[in-house]
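An overview of the molecular structure
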Amino acid sequence: ARGLLLRGLLQRHVEPSTAQVGAGAGAGTMDRRWPGLTSPWLRKAEALRAEAVRNWPAAVVGWLGSADVARAVALMAAFLQLPALLGHASAPFRRGTTEAILLAPMKPAARWLLSALEEAAPEMEHSKEPWADLGRELLLFMRGWAGGGAVRHEASELTRLCWRCRHARQYIVGIPW
C-alpha cells in the first residue's frame, strides 16, 4: 500500500524531463525539486508521467535511467517498433498477396530505437523472461536492418514481428487497444 501511495505521489508531482529523442537514451535534465529522492526514483517518476501523457520515447528514457529495462523494452516493442517499421516500409503495387516488403534505410527515430535496444542488451542477455526474448528478437532484427541501405524482408517475417509487438502491448504492458 505504501509503494502505491508513493508511486501515485511521484506520478502526479514530478514533471517529465525534457529528454531529447535524438540524443540517445539517458539524455535529459533531472527535476531536482525533491532533493531527498535518488536519481532512479526520479527517473521512474518521469517515466510514469511520460507514460500518462503517451510520450513513449521519454518513458523509455526514464525506464532505462531507473534500471527497469523490462518496462523499457516492453514499451519499445508495444509503441515504438511498429511505427518505425511502417514509416520505412514499401511494397510493390501489384495484384495479389505481398511476398516481400522493402524497408528504406533507417531514419533518426529508428536509429534512436536501435541505440535504446543496444543499451538494454546486456540485461536482456541474462534474462529468460518473455520481454527479454522479444527484446533480443527486436535487437537482432534492427541490427540486420541497420547494416546497409534498403533491406528486403519476407512479409511473413514482418507479420510475425508485428504480431509479437501487438501482443506485447496487450499482455505485457496491459493496454487492450
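Up top you'll find the structure we're talking about.
Report on the accompanying structure. Please read all numbers here as calculations on a predicted model, not as lab measurements. (Residues numbered from 1 in each chain as written. Predicted model: local features only at pLDDT ≥ 70, side-chain atom pairs only at ≥ 80, totals over all residues. Heavy atoms only, no water.)

Re the overall build of the protein chain
Which entries qualify depends on this criterion: Under the scheme used here, helices are H or I runs from DSSP no shorter than 4 residues and strands are E runs no shorter than 2 residues, and both carry numbers assigned from the N terminus. Type-normalised accessible area, obtained with a 1.4 Å probe on protein chains alone, sets the label of each residue: buried when under 20%, exposed when over 50%, and partly exposed for intermediate values. Every residue pair with non-hydrogen atoms within 4.5 Å of one another is taken to be in contact. We get accessible surface area from the Shrake-Rupley algorithm with a probe of 1.4 Å; when it comes to residues, only the shown protein chains can shield them.
Counting its secondary structure elements, the protein chain contains 7 helices and 3 strands. Each helix and strand of the protein chain, ordered N terminal to C terminal, gives the series α-α-α-α-β-β-α-α-β-α. The buried share of the protein chain, taken over its 177 residues, is 43%. Across the protein chain, the fraction of contacts at a sequence separation of at least 24, relative to all contacts at a separation of at least 6, is 59%. As displayed, the protein chain has an accessible area near 10000 Å², and 57% of this comes from carbon and sulfur atoms.

A word on the sheet that holds strand β1 (residues 89-90)
Note the threshold: Criterion used throughout: strands pair if DSSP finds at least two bridges between them.
Taken in spatial order, the 3 strands make up an open sheet running β1-β2-β3, and their pairing is antiparallel. Strands at the two margins of the open sheet, each flanked by one partner only, are β1 and β3 (151-154). Bridge analysis of strand β2 (residues 100-103) against β3 gives 4 bridges, and the strand direction is antiparallel. Following the sheet pairing, Ile101 is matched in β3 by His153.

Comments concerning the packing of aromatic side chains
Selection criterion: Stacked, edge-to-face and tilted labels apply to pairs of Phe, Tyr and Trp rings (six-membered ring for Trp) whose centres lie within 6.5 Å, assigned for plane angles under 30 degrees, over 60, and everything in between, in that order. We call a charge positioned over a ring when the NZ of a Lys or the CZ of an Arg lies within 6 Å of the ring centre and within 35 degrees of the ring normal.
Evaluated as defined, the whole model comprises 2 aromatic pairs. When the centroid spacing of 3.8 Å and the interplanar angle of 5 degrees are considered together, the rings of Trp56 and Phe79 count as stacked. Of this pair, Trp56 sits in helix α3 (residues 56-65) while Phe79 sits in helix α4 (residues 69-86), placing them 23 residues apart in sequence. Judged by its relative accessible area of 12%, Trp56 is buried. The residue whose ring lies beneath Lys44 is Trp41, and the NZ or CZ to ring-centre distance is 5.4 Å.

Some details on α3
Most of α3 is tucked away: 9 of the 10 residues are buried. Within the sequence span of α3, burial applies to Trp56, Pro57, Ala58, Ala59, Val60, Val61, Gly62, Trp63 and Leu64. Here the buried face of α3 lies against α2 (39-52), α4 and α5 (108-125). Phi turns positive, to about 70 degrees, at Ala67, one or two residues after α3.

Re the pattern of salt bridges
Stated formally: Salt-bridge detection follows one rule: a side-chain nitrogen of Lys or Arg within 4 Å of a carboxyl oxygen of Asp or Glu.
Using the criterion set out here, one finds 6 salt bridges in the structure. Between Glu46 and Arg43 there is a salt bridge; the shortest N-O distance is 3.8 Å. Of this pair, Glu46 and Arg43 both sit in helix α2, 3 residues apart, which is roughly one turn of that helix. The same class applies to Glu46 as to Arg43, namely buried. Linking Asp133 and Arg164 is a salt bridge whose minimum nitrogen-to-oxygen distance equals 3.3 Å.

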